[in-house]
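# Per-entry structural report
Chain by chain, the residues run as shown.
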Amino acid sequence: MTSNVPVTYQEVFRTDRGVVYQCDASNRLILEFWDTHTQLSARDFAQFRRMVETVDIRQMALSTAAEHDVEILTPPRSERCYVLTLCEVVHLRELLTGAKLMLELNAMLRECGCTLSE
Amino acid sequence: MKDLARLRTSVKESVELALNQQIQMEMISSSKYLAMAGWCDRNGLDYSAGFFYKQSEEERKHGMKLFHYLCDQGGTAYSPEIPAVSQEFDSLRSVFEGALDQEIAVSDSINRIIGICRRENDYATEELLKWYVREQVEEEYIARRCLELIDQIPADQVYYLDKKLASVTYDGNPFE
Ligand SMILES: [Fe+2]
Ligand SMILES: [Fe+2]
């Protein structure tokens with residue numbers, strides 16, 4: 001973990017393109033992707049993940065039209081706007097899906113009284 | 001680590017998704033029944049028209065019940081997209097056949113969602129959906145009974161048939 005990460009951040013999932021942290025102090029999930037840094041509530045995080053999941057990457061891959069070269073996504077209640085190429089959509093998907101699984105694992109552990117290491 | 005999603009809502013994402021689909025389905029039912037009511041109305045079948053106007057309202061209420069439930073539990077309910085529905089029908093029989101088809105599709109959908117609730121251990125939502133299970137038993141019964149009457153009543157007694165159809169109720173409902 002890099003030293004400039006706040007102490008309240010817990011790593012949820014990491015790929016070589018980005019990291020998802022959870023901050024229990026602010027009840028936010030933090031998405032680090034390339035050099036961006038976006039804080040989202042659990043609800044907005046889930047909604048953004050669904051936005052990324054439902055991008056039609058088949059069309060992006062097959063279409064020669066310029067408008068299908070990139071996908072523009074804005075996480076809910078956020079100033080940021082991601083302009084993503086096909087590869088970036090796939091990388092972001094991988095990161096968000098991994099984070100989703102870890103959050104689900106945490107939920108399951110909590111349901112039986114355990115917790116992921118602090 | 002906190003479970004942020006659980007703090008926000010008791011409804012899991014898969015259940016939320018399924019309930020939103022069900023909201024849409026109820027609203028589509030409402031729209032279909034309204035089209036059926038309109039067709040009956042302009043073909044002089046006033047009683048059947050009244051029956052479908054009422055059904056249309058009921059379906060909207062079914063959707064709203066789920067909408068409020070999701071909101072109250074901290075979930076996200078979406079106002080659904082309603083695709084175009086058919087406005088024309090070949091006969092009164094085909095109207096009621098369409099109604100039965102729709103009710104069967106709704107029953108199947110409710111059963112599928114209860115399966116999801118069980119997988120997710122969401123007994124609260126399952127409890128709510130039991131109301132829909134009972135409702136569907138009644139709705140399917142009524143649609144089938146109407147089709148029987150259409151078979152039984154001679155085709156030239158349109159006024160009598162129309163009146164009779166609108167009066168069908170499920171008297172011996174074992175769930176009541
Ligand atoms: Fe309904
Ligand atoms: Fe119904």
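Residues numbered from 1 in each chain as written. Chains lettered and ligands numbered in written order. Predicted model: local features only at pLDDT ≥ 70, side-chain atom pairs only at ≥ 80, totals over all residues. Heavy atoms only, no water.

Going by an unreviewed UniProt entry, chain B carries the name Ferritin and comes from Spirosoma validum. The Sequence similarities (unreviewed entry) comment attached to chain B in UniProt states, word for word, "Belongs to the ferritin family. Prokaryotic subfamily." Turning to chain B, the UniProt annotation filed under Subcellular location (unreviewed entry) states: "Cytoplasm". (UniProt positions renumbered as here; feature names shortened; annotations may be inferred.)

### Thoughts on the overall build of chain B
Check the secondary structure of chain B and you find six helices and zero strands. For chain B, the α and β elements follow one another from N to C terminus as α-α-α-α-α-α. Burial analysis of chain B (176 residues in total) assigns 47% to the buried set. The contacts in chain B between residues at least 6 apart in sequence include a share of 78% that link residues at least 24 apart. As displayed, chain B has an accessible area near 9100 Å², and 51% of this comes from carbon and sulfur atoms. (Helix = DSSP H or I, 4+ residues; strand = E, 2+ residues; numbered from the N terminus. Buried < 20%, exposed > 50% of the residue type's maximum accessible area, 1.4 Å probe, protein only. Contact = heavy atoms within 4.5 Å. Areas by Shrake-Rupley, 256 points an atom, 1.4 Å probe, with all protein chains shown as cover.)

### A short note on the coordination of the iron ion (ligand 1)
All names here are of chain B. Summarising the metal site, the iron ion (ligand 1) is bound by the protein donors Glu-26 (OE), Glu-59 (OE) and His-62 (ND1), whose distances to it range over 2.1 to 2.2 Å. The distance between the iron ion (ligand 1) and the iron ion (ligand 2) comes to 3.4 Å, and Glu-59 binds to both of them. Remark: Glu-59 occurs in helix α3 (residues 46–72) and Glu-26 occurs in helix α2 (residues 13–42); sequence separation between them is 33 residues. (Donors = N, O, S within 2.8 Å, 3.2 Å for Na, K, Ca; no water.)

### Topic: the coordination of the iron ion (ligand 2)
All names here are of chain B. Within the protein, the iron ion (ligand 2) binds to Glu-59 (OE), Glu-103 (OE), Glu-103 (OE) and Glu-139 (OE); these donor distances fall in the range 1.9 to 2.5 Å. Angles of 54 to 142° at the metal separate the four donor atoms of the iron ion (ligand 2), which places the site in the irregular class. Ordering the donors of the iron ion (ligand 2) by residue number gives the pattern E-x43-E-x35-E. (Tetrahedral: all angles 85-135°; square planar, octahedral: opposite > 155°, others 65-115°.)

### Thoughts on the environment of A:Leu96
Residue and element names in this part refer to chain A. Mapping Leu-96 onto the fold places it in helix α3 (residues 86–111). Look at Leu-96 and you get buried, because its relative accessible area is 0%. The spacing of Leu-96 and Cys-81 is 15 residues in sequence and 16 Å in space, taken between C-alpha atoms.

### Some words on the packing of aromatic side chains
Applying the stated criterion across every chain, the model contains twelve aromatic pairs over all chains. Grouping aromatic residues by their ring pairs yields a cluster made of A:Phe33, A:Trp34, A:Phe48 and A:Tyr82. (Phe/Tyr/Trp six-rings, centres within 6.5 Å; stacked < 30°, edge-to-face > 60°.)

### Some details on the UniProt feature "binding site: Fe cation" (unreviewed entry) in chain B
Residues and elements named next belong to chain B. Mapped onto the present numbering, the UniProt feature "binding site: Fe cation" (unreviewed entry) falls at Glu-26, Glu-59, His-62, Glu-103 and Gln-136. Spanning 111 residues, the annotated positions come together in the fold, the maximum distance between their C-alpha atoms being 12.6 Å. If sequence neighbours within four positions are ignored, Glu-26 has contacts with Glu-59, His-62, Gly-63, Val-106 and Tyr-132. Along the chain, Glu-103 turns up in helix α4 (residues 92–119).

### Some remarks on the side chain of A:His91
All names here are of chain A. With respect to the helices, strands and loops of the structure, His-91 is situated in helix α3. Taking the relative accessible area as the measure of exposure, His-91 reaches 17% and is therefore buried. Those residues in contact with His-91, other than ones at most four positions away along the chain, are Arg-17 and Phe-33.

### Quick look at helix α1 (residues 42–53) of chain A
Spanning twelve residues, α1(A) covers 16 Å between terminal C-alpha atoms, matching the ideal 16 Å at 1.5 Å per step. Regarding α1(A), the residues found buried are A:Ala42, A:Asp44, A:Phe45, A:Ala46, A:Phe48, A:Arg49, A:Arg50 and A:Val52. (Expected span 1.5 Å × (residues − 1).)

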